Amino acid sequence: MSENKSMNRTLYYHQQSNFSRKIRIFLIEKNLDCEFLEINLANKPPEFLEISPIGQVPVFVDQDGTVIWDSTLIAEYLDETYPQPSFYPSAPHIRLECRKWEQLADTLGDNIISLWVLDFMGDLAPAYYRKKYETLINRLLPIFDGQLRSAKYLLEGETWTAADVAALCSLGYYSFRLNEDWLLQYPYLRDWFNRLHERESVKSTIPKKIPT
């Protein structure tokens, strides 16, 4: 039976994608058998574009054929369908807080990606956009650091949540694509980040450079 599950449950991903990493961590922590199919984002296969109209990873296909794209939608689906361990609190107001922090973390990730893309343009990159992305990133980082000043996790509970997973993946992408200066500037964020990297699901999904 487990072989069947492994064949039928599929994640289309890219190992450097912070949003793919979020779902990979969920699947590992929930101990779900899943086939991981890495997509070449520079040359997306037609069968992938058939199930992903927006052409982005991750895309999750469950055993019953349910297809979901967008990492937050996938994360919520996984938590509702396979609730142990849970990454979204059950109390409505705390669940809302979790979603708000997750959205902040994903926004941080989006802006880090945009800033990295600008680097390819060199001197041709519009200064307006560089300033826009840098300003938002530099506004969000101290907010996360301040939240962790007296708390172990972003929701101030005893367990990590989807908010922590999303923030971890965005910051991991920052270190991977840009630099690790933020680790020196934001000590509470750094300690939280390093502590989460003691988990196997986090260590095993660290983005790696692709050999050329």
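- Named according to an unreviewed UniProt entry, the protein chain is Glutathione S-transferase originating from Nostoc cf. commune SO-36.

### Quick notes on a nonpolar patch on the surface
Argument step 1. A contiguous nonpolar surface patch, about 440 Å² in accessible area, is contributed by V117, F120, M121 and L124.
Argument step 2. Topologically, L124 is positioned in the loop between helix 5 (92-119) and helix 6 (127-147).
Argument step 3. Judged by its relative accessible area of 71%, L124 falls in the exposed class.

### Describing the pairing of strand 2 (residues 35-38)
The side chains of a regular strand alternate, residue by residue, between the two faces of the sheet.
Argument step 1. Direction of pairing for strand 1 (residues 10-13) relative to strand 2: parallel, over a ladder of four bridges. Pairing of L11 across the sheet is with F36, part of strand 2.
Argument step 2. In this region the chain leaves strand 1, passes through helix 2 (residues 18-29) and returns to the parallel neighbour strand 2; the handedness of that crossover is right-handed.

### Here's the deal with the environment of Y128
Argument step 1. Within the secondary structure, Y128 is located in helix 6.
Argument step 2. Y128 sits 106 residues away from K22 along the chain, and the two C-alpha atoms are 30 Å apart.

### Structural notes on the packing of helix 2 against helix 7 (residues 162-177)
Argument step 1. Relative orientation of the contacting elements helix 2 and helix 7 amounts to 140°, with a least axis distance of 9 Å. Relative to helix 7, helix 2 is oriented oblique. Seen along the crossing, helix 2 lies across helix 7 with a hand that is right-handed. The segment helix 2 lies against helix 7, with N18, R21, K22, I25 and F26 engaging A162, V165, A166, L168, C169, S170, G172 and Y173.
Argument step 2. Of the residues contributing to the contact of helix 2 with helix 7, the split by class is eight nonpolar, three polar and two charged.

### As for the sheet that holds strand 2
Within a sheet, adjacent strands bond to each other through the backbone by hydrogen bonds, running parallel or antiparallel.
Argument step 1. The strand order across the open sheet built from four strands is 2-1-3-4, with neighbouring strands paired in mixed fashion. Either end of the sheet is taken by a strand with one partner, and the two such strands are strand 2 and strand 4 (67-69). Taking the axes of each pair of neighbouring strands and ignoring which way they run, one obtains an average angle of 15° across the sheet.
Argument step 2. Along the sheet, helix 2 makes contact with strand 1, strand 2 and strand 3 (59-61), crossing strand 1 at roughly 155°.

### Here's the deal with the environment of E80
Argument step 1. Structurally, the position occupied by E80 is in helix 4 (residues 71-81).
Argument step 2. Look at E80 and you get exposed, because its relative accessible area is 55%.
Argument step 3. As a C-alpha pair, E80 and N8 span 72 residues in sequence and 19 Å in three-dimensional space.

### Details of the packing of helix 5 against helix 6
Argument step 1. Contact geometry for helix 5 and helix 6: axes closest at 9 Å, N-to-C directions at 145°. Crossing handedness for the pair helix 5 and helix 6: left-handed. Contacts between helix 5 and helix 6 involve W101, L104, A105, T107, L108, N111, I112, S114, L115, L118 and D119 from the former and Y129, R130, Y133, E134, L136, I137, L140, L141, I143, F144 and Q147 from the latter.
Argument step 2. Of the residues belonging to the contact of helix 5 with helix 6, the class tally is 15 nonpolar, four polar and three charged.

### Focus: the pattern of salt bridges
Argument step 1. Summed over the entire model, instances satisfying the criterion amount to 11 salt bridges.
Argument step 2. In this structure, E29 engages R199 in a salt bridge whose closest nitrogen and oxygen atoms are separated by 3.0 Å. Of the two residues, E29 is situated in helix 2 and R199 in the loop between helix 9 (187-196) and helix 10 (200-203); the sequence distance between them amounts to 170 residues.
Argument step 3. Given the relative accessible area of 32%, R199 is considered partly exposed.
Argument step 4. Note that R99 and E76 form a salt bridge whose closest N and O atoms lie 2.6 Å from each other.

### Focus: the nonpolar core
It is characteristic of soluble globular proteins that their nonpolar side chains tend to be buried jointly.
Argument step 1. With 55 residues, the main nonpolar core has F60, L78, F144, W182, L189 and W192 as its most contacted residues.
Argument step 2. For this core, the elements supplying multiple residues, two or more each, are strand 1, helix 2, helix 4, helix 5, helix 6, helix 7, helix 8 (182-185) and helix 9.
Argument step 3. With 10 residues, the single largest contributor to this core is helix 7.
Argument step 4. Every residue in contact with F144, bar those within four places of it in the chain, is listed here: W101, L104, A105, L108, L154, A167 and L189.
Argument step 5. I39, F48, V57 and V61 belong to the second largest nonpolar core, which has six residues in total.

Rules used throughout
Residues numbered from 1 in each chain as written. Predicted model: local features only at pLDDT ≥ 70, side-chain atom pairs only at ≥ 80, totals over all residues. Heavy atoms only, no water. Patch = residues over 30% accessible without salt bridge, like charges linked within 9 Å, V, L, I, M, F, W, Y side chains within 5 Å. Areas by Shrake-Rupley, 256 points an atom, 1.4 Å probe, with all protein chains shown as cover. Salt bridge = Lys/Arg side-chain N within 4 Å of Asp/Glu carboxyl O. Helix = DSSP H or I, 4+ residues; strand = E, 2+ residues; numbered from the N terminus. Buried < 20%, exposed > 50% of the residue type's maximum accessible area, 1.4 Å probe, protein only. Pairing = 2+ DSSP bridges. Right-handed = clockwise from strand over helix to strand, strands pointing away. Axes fitted to C-alpha atoms, helices over the stretch in contact; angles between N-to-C directions. Parallel < 35°, antiparallel > 145°, perpendicular 65-115°, else oblique. Left-handed = near helix turned anticlockwise from the far one by under 90°. Contact = heavy atoms within 4.5 Å. Nonpolar A, V, L, I, M, F, W, Y, C, P; charged D, E, K, R; others polar. Core = buried A, V, L, I, M, F, W, Y, C linked by side-chain atoms within 4.5 Å.

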